[in-house]
Amino acid sequence: MENAILLQNLTTKDLEELITKVVKEQLQEFVKNVPTENPEELLTRTEASILLKINISTLHNWTKNGTIIAYGIGNRVYYKRGELMARLIRIN
């Protein structure tokens, strides 16, 4: 019974406040550790295909027909994370 918690002399309001406090602390800690995504981040072809869970040949076809926009420097091809996510459409 080392880890037992006794709730004697604890009102329901006190218990509610205690739970709320602990949940808020845990949520704040979680938010600190969640990486924020930069929509302007450039992704390689491989990273973009992994993000979209598609084959690189599909990514190439979508780029070729204008479904998504690619950017290049020299012979390297990049995609903006935010633009890839913006191209996703909701399906009912």
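Residues numbered from 1 in each chain as written. Predicted model: local features only at pLDDT ≥ 70, side-chain atom pairs only at ≥ 80, totals over all residues. Heavy atoms only, no water.

Visitor: How should helix α2 (residues 45-52) be read in this particular structure?
Guide: One turn of an α-helix holds 3.6 residues; hence residues three or four places apart share an orientation. Every buried residue belonging to α2 is among A48, S49 and L52, and all of these are buried. For α2, the angular spread of buried residues about the axis comes to 95°, placing them on one side. Summarising the contacts, the buried residues of α2 are in contact with β1 (42-44), α3 (56-64), β3 (76-80) and α4 (81-86). Looking one or two places after α2, you find K53, whose phi comes out positive at around 55°. (Buried < 20%, exposed > 50% of the residue type's maximum accessible area, 1.4 Å probe, protein only. Helix = DSSP H or I, 4+ residues; strand = E, 2+ residues; numbered from the N terminus. Arc of directions from axis to C-beta. Contact = heavy atoms within 4.5 Å.)

Visitor: How do you make sense of the pattern of salt bridges when you look at a structure like this?
Guide: A side chain with one charge may pair with a side chain of the opposite charge, provided their charged atoms come close. For the structure on display, the rule yields 3 salt bridges. Residue K80 pairs with E40 through a salt bridge whose shortest N-O separation is 3.3 Å. In this pair, K80 sits in strand β3 while E40 sits in the loop between α1 (12-33) and β1, placing the two residues 40 residues apart along the sequence. The partner of R81 in a salt bridge is E41, and the shortest N-O contact between them spans 3.0 Å. (Salt bridge = Lys/Arg side-chain N within 4 Å of Asp/Glu carboxyl O.)

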